[in-house]
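Structural overview for review
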Amino acid sequence: MARTRALMTKTERKRISKEEEVEDRKRYQAITEVRNRIHDELTEDIEVLREHHPELLDELRDIVCDE
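For the structure given in this document, a descriptive report is provided here.

A few words on the overall build of the protein. Looking only at helices and strands, the protein features three helices and zero strands. Secondary structure elements of the protein, listed N to C terminal, follow the sequence α-α-α. Based on the C-alpha atoms only, the size of the protein along its principal axes is roughly 40 × 25 × 25 Å. In the protein, which comprises 67 residues, the proportion classed as buried is 9%. Long-range pairs, those at least 24 residues apart, make up 23% of the contacts in the protein with a sequence separation of at least 6.

The following block contains the structure:
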């Protein structure tokens, strides 16, 4: 099964890490897209996990908080 992304697309990873040479506008656009996902979708995902699958939320927390 192919995975497309966790939080960032491959292109966003390359642009944010400066692995890909792009104009600043495209880099900031990638940052904005990821920021929006963090504040919108991720927040909602956390609420669903909290209510319906707390073990998965613990796994997520372990990864995010451990780094």
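There is more to say, and it comes next.
What follows concerns the side chain of Glu-12. In this fold, Glu-12 is placed in helix H1 (residues 10-17). Here Glu-12 falls in the buried class, since its relative accessible area comes to 9%. With residues up to four places along the chain from it excluded, the contact list for Glu-12 reads Leu-7, Ala-30, Glu-33, Val-34 and Arg-37.

Here the focus is the layout of surface pockets. Of the pockets and cavities examined, the largest pocket occupies roughly 360 Å³. Looking at the largest pocket, the residues that line it are Arg-5, Ala-6, Leu-7, Arg-37, Glu-41, Leu-42, Asp-45, Leu-49, Leu-56, Glu-59, Leu-60 and Ile-63. Broken down by secondary-structure element, the contributors of at least two residues to the lining of the largest pocket are helix H2 (24-52) and helix H3 (54-66). Grouping the constituent residues of the lining of the largest pocket by class yields seven nonpolar, no polar and five charged.

The next thing to look at is the environment of Leu-49. The topology assignment puts Leu-49 in helix H2. As for Leu-49 and Glu-12, which are separated by 37 residues in sequence, their C-alpha atoms are 26 Å apart. In contact with Leu-49, not counting residues within four places along its chain, are Pro-54, Leu-56, Leu-57 and Leu-60.

Scanning the model with the defined rule gives four salt bridges in all. Among the salt bridges present, the one from Asp-58 reaches Arg-61, with a minimum N-O distance of 3.1 Å. Within this pair, Asp-58 and its partner Arg-61 are both found in helix H3, separated by three residues, close to a single helical turn.

Let us now look at the packing of H2 against H3. Two elements in contact, H2 and H3, have axes separated by 6 Å at closest approach and are oriented at 130°. By the angle between their directions, the pair H2 and H3 is classed as oblique. Every residue of H3 that contacts H2 at Ile-46, Leu-49, Arg-50 and His-52 is listed here: Pro-54, Leu-56, Leu-57, Leu-60 and Arg-61. Of the residues assigned to the contact of H2 with H3, the class counts are six nonpolar, one polar and two charged.

Rules used in this analysis
Residues numbered from 1 in each chain as written. Predicted model: local features only at pLDDT ≥ 70, side-chain atom pairs only at ≥ 80, totals over all residues. Heavy atoms only, no water. Helix = DSSP H or I, 4+ residues; strand = E, 2+ residues; numbered from the N terminus. Buried < 20%, exposed > 50% of the residue type's maximum accessible area, 1.4 Å probe, protein only. Contact = heavy atoms within 4.5 Å. 1 Å grid on protein atoms, 1.4 Å probe; cavity = no way out; pocket = protein on both sides within 12 Å on 5 of 7 lines; lining within 4 Å. Points joined across faces, edges and corners; volume = space filled by probe spheres on them. Nonpolar A, V, L, I, M, F, W, Y, C, P; charged D, E, K, R; others polar. Salt bridge = Lys/Arg side-chain N within 4 Å of Asp/Glu carboxyl O. Axes fitted to C-alpha atoms, helices over the stretch in contact; angles between N-to-C directions. Parallel < 35°, antiparallel > 145°, perpendicular 65-115°, else oblique.

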